Each structure stands twice: as structure tokens, then as C-alpha cells.
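Given next are the chains, with one letter for each unit.
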Amino acid sequence: MSDAIDLDRHVYGDPGAAITIVEYGDFECPYCGAAFPVLRKLIDGSDGRVKLVYRHFPVFTKHPYALTAALAAEAADDRFWPMHDQLFKHQARLTDPDLVAYATEAGVTDPESVIGEAAQRFQPAVERDYTAGVGEGVRGTPTLFVDGRLYSGRVELAALRSTLGLGR
């Protein structure tokens, strides 16, 4: 069943964009938190030329709430991106009551569905993302791939725009 999970299910930007950035991220990772507004500005300012695909890579050995946050984001369903944003904006507080509050803010119809047993059904999706990341050599977060190639530059707007040929 897990092989049927679409790795490109979380797309921000124009789905038909010519350039695809895949981010393997962890909602509790401070570096991912710093990359979040940069990637948002990049996509929003690309005139539809760049899209972002988010994949979960919870580094649970260092971040005790990363997995539950990933499950909560998945459980938010069609409110994934608003939930994604809430999680990164409040990544220092990711307890179950916090997740329910963020789900409410994100407009999730049943905010309690993002925690506990209800969220566990999304475990295969998070595992599939993580396994794909391991297979691509991901070792930490954030890890970015631009059109399938590992991006090793700084996650700064000017550097990314330059790498992608978008000018300044």
C-alpha cells in the first residue's frame, strides 16, 4: 500500500511550473524553520516558474515532536499548507494541545483529528517520504533537490534565484 502514496502530493505553487524544488523537511528543525520563509518568497516571486514539493523527513532522534507534527500536517488533509505554515511559525511548541490549536487556526474541520489515533493512519505517508529521502541520500534537514539534483548552496533567496536562473 505504501508504494501507492504520491511523493509529490504536497505542491506549493503552480503545479505546471517548469522548475521543481523538493524539500525534505522536519517541522521541529530550526534550519527548516529558517528556510520556510525563503522558499515561500522564492515560489511566490517566481511568476509561476517554480514549485515546491514538501516531503517529510522527521529527524526523530533529535526532535521529539517532529513525527507527531508530520502526522498532524498529513491529517490536516486539504489544509496541509496552512497547517505547514502554522507548524513552522510555532515550531518551539508542538505538543498535542498546540497541534489542535494550530489545526483550528489552519481551518481544519475537525482539529482533534490531527493528534492521537486519528493521525496514526497517516504514518505510511510519512514513512514513504522518509524512506524515499533515505534512498536519495538525505541525511539531515532541510535537504533540497532542484529538478532531481541535490542543491548544496545556501538556502538564501539571492543564491536560490541565481541557481535557478531567475536573476535577482
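Residue numbering note: each chain is counted from 1, following its sequence as written. Per-residue local features of the predicted model are confined to residues with pLDDT of at least 70, and side-chain atom pairs are confined, for both listing and counting, to 80 or more; whole-chain, interface and lining totals are unaffected and use all residues. As a rule here, side-chain values come from all non-hydrogen atoms in the structure, and water together with hydrogens is ignored.

A look at helix 3 (residues 80–89)
Within an α-helix, residues lying three or four positions from one another point in the same direction, as the helix has 3.6 residues per turn.
Next, step 1: Exposure classes here rest on a 1.4 Å probe applied to the protein chains alone. A residue is buried below 20% of its type maximum, exposed above 50%, and partly exposed in between. Here a strand is any run of E in DSSP of at least two residues, a helix any run of H or I of at least four, and the numbering for each starts at the N terminus. Extensive coverage of helix 3 is indicated by the burial of eight of its 10 residues.
Next, step 2: For helix 3, the full list of buried residues reads F80, W81, M83, H84, D85, Q86, L87 and F88.
Next, step 3: Note on contacts: a residue pair is in contact if any heavy atoms of the two residues lie within 4.5 Å. Buried-residue contacts for helix 3 involve strand 1 (11–12), helix 1 (30–44), strand 3 (50–56), helix 2 (66–75) and helix 4 (96–106).

Topic: unusual backbone geometry
One can expect most non-glycine residues to show negative phi and most peptide bonds to be in trans.
Next, step 1: With omega at -5°, the peptide bond leading from T141 into P142 counts as cis.
Next, step 2: Checked against the element boundaries, P142 lands in the loop between helix 6 (123–135) and strand 4 (143–146).
Next, step 3: Look at D47: it is not a glycine, yet its phi comes out positive at around 55°.
Next, step 4: Relative to the elements of secondary structure, D47 occurs in the loop between helix 1 and strand 3.
Next, step 5: What makes D47 exposed here is its relative accessible area of 68%.
Next, step 6: Phi is positive for D147, close to 50°, though the residue is something other than glycine.
Next, step 7: You can see D147 is positioned in the loop between strand 4 and strand 5 (149–151).

Details of the sheet that holds strand 3
Next, step 1: Read from one edge to the other, the open sheet built from five strands follows the order 1-3-2-4-5, with strand pairing classed as mixed. With partners counted over all chains shown, the strands left at the sheet margins are strand 1 and strand 5, one partner each.
Next, step 2: Two strands qualify as a pair provided DSSP detects at least 2 bridges between them. Looking at chain direction, strand 4 and strand 5 are connected through three bridges and run antiparallel. Note that in strand 5 the partner of L144 across the bridge is Y151.

A few points about the side chain of E28
Next, step 1: Relative to the assigned elements, E28 resides in the loop between strand 2 (19–25) and helix 1.
Next, step 2: Although E28 is buried, it makes no salt bridge; R93 carries the closest opposite charge, 11 Å away.
Next, step 3: For E28, the contacting residues outside a window of four places in its chain are H63, P64, Y65, A66, Q91 and L94. The charge count treats Lys and Arg as positive and Asp and Glu as negative. His and the chain ends do not count. Here, a salt bridge means any side-chain nitrogen of Lys or Arg that lies within 4 Å of a carboxyl oxygen of Asp or Glu.

Brief notes about the layout of surface pockets
Next, step 1: Of the grid points, spaced at 1 Å and generated over the protein atoms alone, those admitting a 1.4 Å probe that cannot get out make up cavities, while open sets with protein on both sides within 12 Å along at least five of seven lines make up pockets; any residue with an atom within 4 Å of a point is treated as lining. Grid points are joined across faces, edges and corners, and a volume is the space filled by probe spheres set on the points. Of the volumes computed, that of the largest pocket is approximately 180 Å³.
Next, step 2: Taken together, Y31, A34, A35, P142, T143, L144, Y151, S152, G153, R154 and V155 form the lining of the largest pocket.
Next, step 3: Of all the secondary-structure elements, those providing two or more residues to the lining of the largest pocket are helix 1 and strand 4.
Next, step 4: Element by element, the count of residues in the lining of the largest pocket is highest for helix 1, at three residues.
Next, step 5: In this count, Pro and Cys sit with the nonpolar residues alongside Ala, Val, Leu, Ile, Met, Phe, Trp and Tyr, while Asp, Glu, Lys and Arg are called charged and the others, Gly among them, polar. Looking at the lining of the largest pocket, its residues break down into seven nonpolar, three polar and one charged.

What to know about the nonpolar core
Next, step 1: Nonpolar core, defined: a set of buried Ala, Val, Leu, Ile, Met, Phe, Trp, Tyr and Cys residues in which side-chain atoms within 4.5 Å join the residues together. I21, M83, L87, L99, V114 and L164 are the most contacted members of the largest nonpolar core, which totals 45 residues.
Next, step 2: It is helix 1 that contributes the most residues to this core, seven residues altogether.
Next, step 3: Look past the residues within four positions of L164 in its chain and what remains in contact with it is I19, I21, L42, V50 and V146.
Next, step 4: Core analysis: the second largest hydrophobic core is formed by nine residues, Y24, F57, A132 and V138 among them.

A word on the pattern of salt bridges
Next, step 1: Under the defined criterion, the tally for this structure stands at seven salt bridges.
Next, step 2: In this structure, D85 engages R40 in a salt bridge whose closest nitrogen and oxygen atoms are separated by 2.7 Å. Remark: R40 occurs in helix 1 and D85 occurs in helix 3; sequence separation between them is 45 residues. Of the two residues, D85 and R40, both sit in the buried class.
Next, step 3: If you follow the salt bridges from partner to partner, you end up with D8, R55 and E136 in one network.

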